[in-house]
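# Descriptive structure summary
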Amino acid sequence: MTNTSSSVSLEALASLCKRRGFIFQTSEIYGGLNGFWDYGPLGCELKRNIKQLWWRHIVQSRDDVVGLDSAIIMHPRVWEASGHVQGFTDPMVDCRACKKRFRADQLYEEVGPEHETGSAAERQLRLPAGAKCPACGAQELTEPRAFNLMFKTFVGPVEEESAVAYLRPETAQGIFAQFGNILAVSRQKVPFGIAQIGKAFRNEINPRNFTFRSREFEQMELEFFVKPGTDAEWHAYWVAERLKWYESIGLPASSLQPYVYRKDELAHYAGACTDIMYAFPFGVQELEGIAARGAFDLSRHQEFSGKSMEYFDPDTQEKFVPHVVEPSAGVDRIALALLCNAYREEWIGKDGQILPAEPNTPPPEGFEMRTVLGFAPCVAPIKVAVFPLLKNKPELVQAARQIFETLRRRWMCFWDQTGAIGRRYRRQDEIGTPFGITVDFQTLSDQTVTLRERDSMRQERVSVGRLREELENRIG
Ligand code: GAP
């Protein structure tokens, strides 16, 4: 696996994200809030594209998947049935000296892999030998204790135990709880799936790596219900489908790696689990988990609600609780992976020569630096930028505006009439706009424009009449 984005510095990326309006610290004017992020004008377009592409791939282009948009706050019994009240915990330790709190597994990361003896589960229950507080260095850490990651709130005006509710830590349980209703109305037969995109909340002990581990994030989850005994083949099918999808949005196969869980790493009810990992600058980490969860979830809701979750198979006349295969992805992690993958710095020669920039080195004589986000057109926040060559020539502005108004009906477009044309191109390169259109004096005489491509910086004359088709072919 090529560590394609390992050379990107997360600091450089976070700085560009802030400067160009992709991602801001939430409530920054009050000093921010750890683990929470706001997506600016470009960031929310990027996320919207990811979600639309996922929804089209998973729901709209298939006969066997339907959608759901369930409430964030559900009946608290949902989380008892799912096991989250009891078991959705991270073991954490407190430092008695500085009063800071850490995840037990983080201490193993700090002391190094040679201390990682025993299984992951065992390591969560004890401290590594000689563990020190990562903040103050004191050897005064408590033993690991379970800390529930769900955010608690109260429904109604009285803050008492009977009014406790939780912000959902995953969107999946909304799907399981509505299985019966959807089965009744959707005319689907097993195998079929229910998909949902929405916010999830986890009170992570150590939010870190920019947006990678946040306390509020978005999930895209599919629960695909199958006949018992067909779990393995559907699991393999969804792993392959999901890998193809990541490639289709511009993440190279060489940057993706499936991690297949060993038997001893699986939950007791799970038949298989594969994580799709991406080579982030801070290491190879999970983008999505694809788990074969058996009948666990539906059976638990059947037990806790007293409502049948059985499916009657009209072909075999059998009744059974369907098994489920669950591809579960995080929108924010995918957005971060796309940003890491897209970010590059180049040296541009006057003759159009492009060289990869060397870190912390000024460009050689005759070259200038450009920063590019090389997004695939399908995810790029802005697809086309339109420029009149000169802003003080009304005939150019008018012709360009007409093209802009036509194209913006189909794509997210950007209008920019200020500054030298080279600078305008650079501004678009930096936010990943794949195409730029310049309207100049020749446009007025022969109805052609310059179409400039971001990566190669090649420019060609295209007639205004052919522009839409030309872009359609390249953006899709
Ligand atoms: N229903 C299964 C489930 O929620 P998960 O592995 O805990 O499984 C699925 O989460 C995906 O949600 C992860 O692969 C990741 O992309 C995203 N995710 C989980 N926790 C996250 C966090 N704290 N911040 C950002 N994304 C997160």
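Remember, predicted model here, so these are calculated numbers, not experimental data. (Residues numbered from 1 in each chain as written. Predicted model: local features only at pLDDT ≥ 70, side-chain atom pairs only at ≥ 80, totals over all residues. Heavy atoms only, no water.)

### Some thoughts on the overall build of the protein chain
Our working rule: Under the scheme used here, helices are H or I runs from DSSP no shorter than 4 residues and strands are E runs no shorter than 2 residues, and both carry numbers assigned from the N terminus. Any two residues whose heavy atoms approach within 4.5 Å are treated as being in contact. We treat Lys and Arg as the positive residues and Asp and Glu as the negative residues; His and chain ends play no part in the count. Every charge is mapped to an atom, namely NZ of Lys, CZ of Arg, CG of Asp or CD of Glu.
Each helix and strand in the protein chain was counted, giving 15 helices and 24 strands. If you line up the protein chain on its principal axes, its C-alpha atoms span 75 × 65 × 50 Å. A sequence separation of at least 24 residues applies to 66% of the contacts in the protein chain between residues at least 6 apart. Here the protein chain carries 58 positive and 63 negative side-chain charges, and the mean point of each set is 5 Å from the other.

### Quick look at the domain arrangement of the protein chain
Rule in force here: Here the bounds of each domain stem from an automatic or database domain assignment.
Domain boundaries in the protein chain define domain 1 (10–82 + 149–340), domain 2 (89–148) and domain 3 (382–475). Computed from C-alpha coordinates alone, the two centres of domain 2 and domain 3 are separated by 56 Å.

### Topic: the packing of helix H1 (residues 10–19) against helix H11 (residues 331–342)
Quick reminder of the rule: In this description, a line fitted to the C-alpha atoms serves as the axis of each element, helices being fitted only across the stretch in contact, and the angle between N-to-C directions of two axes falls anywhere from 0 to 180 degrees. Convention used here: angles under 35 degrees read as roughly parallel, angles over 145 as roughly antiparallel, angles from 65 to 115 as roughly perpendicular, and any remaining angle as oblique. Residues were grouped as follows: Ala, Val, Leu, Ile, Met, Phe, Trp, Tyr, Cys and Pro as nonpolar; Asp, Glu, Lys and Arg as charged; and all remaining residues, including Gly, as polar.
Relative to each other, H1 and H11 sit at 105°, their axes nearing to 11 Å. The pairing of H1 with H11 is recorded here as roughly perpendicular in orientation. Counted together, Leu10, Leu13 and Cys17 of H1 and Leu336, Leu339 and Cys340 of H11 form the full contact between these two elements. Of the residues assigned to the contact of H1 with H11, the class counts are 6 nonpolar, no polar and no charged.

### Quick word on the pattern of salt bridges
Note the following rule: When a carboxyl oxygen of Asp or Glu is within 4 Å of a side-chain nitrogen of Lys or Arg, the pair counts as a salt bridge. With a 1.4 Å probe rolled over the protein chains alone, any residue whose accessible area is under 20% of its type maximum counts as buried; one over 50% counts as exposed, and the rest are partly exposed.
All chains considered together, the criterion is met by 37 salt bridges. A salt bridge links Glu430 to Arg20; the shortest N-O distance between them is 2.9 Å. In this pair, Glu430 is assigned in helix H13 (residues 421–431) and Arg20 in the loop between H1 and strand E1 (23–25), connecting sequence segments 410 residues apart. Exposure remark for Glu430: the relative accessible area of 14% places this residue in the buried category. Its salt-bridge partner being Asp455, residue Arg454 comes within 2.8 Å of it at the nearest N-O pair.

### Considering the site of the ligand
The cut-off we apply is this: For this purpose, a residue is taken to be near a molecule or strand whenever a single non-hydrogen atom of the residue falls within 4 Å of it. Whenever a nitrogen or oxygen atom comes within 3.5 Å of another N or O atom, the pair is scored as a polar contact, on the condition that within protein one atom can donate a hydrogen and the other can accept it, and that pairs from neighbouring residues in sequence are kept only if both atoms are in side chains. Per-residue accessibility takes into account occlusion by the displayed protein chains alone, with areas from the Shrake-Rupley method and a 1.4 Å probe.
Near the ligand lie 19 residues; those nearest to it are Glu170, Arg202, Glu221, Glu286 and Leu287. A distance of 3.0 Å separates an oxygen atom of the ligand from a polar side-chain atom of Gln219. In this structure, an oxygen atom belonging to the ligand sits 2.6 Å away from a side-chain N or O atom of Glu286. Expressed as a share of its isolated accessible area of 550 Å², the protein-covered part of the ligand is 88%. Put simply, the parts of the chain that give the shell around the ligand at least two residues each are strand E10 (216–226), strand E13 (283–294) and strand E16 (323–330). Partitioning the shell around the ligand into residue classes produces 5 nonpolar, 5 polar and 9 charged.

### Concerning the pairing of strand E24 (residues 459–463)
Definition in use: Each pair of strands is called paired provided DSSP finds at least two bridges between the two strands.
One ladder, built from 5 bridges, connects strand E23 (residues 448–453) with E24; its direction is antiparallel. Along E24, the bridge assignment pairs Val449 with Val462. Linkage of E23 to E24, two consecutive antiparallel strands, is achieved through a turn of 5 residues, within which Met457 is found at a positive phi near 65°.

### Re the side chain of Asp416
Within the element layout of this structure, Asp416 appears in the loop between strand E21 (413–415) and H13. Reaching out from Asp416, the side chain makes a polar contact with the side chain of Arg427 at a distance of 2.8 Å.

### Comments concerning the sheet that holds strand E18 (residues 354–356)
Read across the open sheet, the 3 strands follow the order E18-E17-E19; overall the sheet is antiparallel. With partners counted over all chains shown, the strands left at the sheet margins are E18 and strand E19 (367–373), one partner each. Here the average twist between neighbouring strands, direction ignored, is 35°. Direction of pairing for strand E17 (residues 343–349) relative to E19: antiparallel, over a ladder of 7 bridges. Considered in E19, the bridge of Tyr343 is made with Leu373.

### Some details on a nonpolar patch on the surface
As a reminder of what qualifies: Patch membership requires over 30% relative accessible area and the absence of a salt bridge. Like charges are linked within 9 Å, and nonpolar side chains (Val, Leu, Ile, Met, Phe, Trp, Tyr) within 5 Å.
On the surface, a nonpolar cluster with roughly 240 Å² of combined accessible area is contributed by Leu390, Phe441 and Leu444. Take Phe441: it is sitting in helix H14 (residues 441–446). For Phe441, a relative accessible area of 40% translates into the label partly exposed.

### So, unusual backbone geometry
A cis amide bond links Val190 with the next residue in sequence, Pro191, at an omega value of 5°. As for its placement among the helices and strands, Pro191 is situated in the loop between helix H8 (179–186) and strand E9 (192–201). Within the chain, Lys99 stands out as a residue other than glycine whose phi angle is a positive 70°. Note that Lys99 resides in the loop between strand E4 (89–94) and strand E5 (101–103). In this structure, Gln317 is a non-glycine residue whose phi angle is positive, near 60°. Checked against the element boundaries, Gln317 lands in the loop between strand E14 (311–313) and strand E15 (318–320).

### Re the sheet that holds E16
Read from one edge to the other, the open sheet built from 7 strands follows the order E3-E9-E10-E16-E13-E12-E11, with strand pairing classed as mixed. At either margin of the open sheet sits one strand with a lone partner, and together these are strand E3 (65–68) and strand E11 (256–260). Within this sheet the neighbouring strands show an average axis-to-axis angle of 25°, counted without direction. In this sheet, E16 lies alongside E10 in antiparallel orientation, the contact comprising 6 bridges. The residue of E16 that forms the bridge with Val226 is His323. Packing of H8 onto the sheet brings it into contact with E3, E9 and E10, and relative to E9 it is tilted by some 135°. Against the sheet, H11 makes contact with E10, strand E12 (272–280), E13 and E16, and its axis sits at roughly 35° relative to E12, the strand it touches most.

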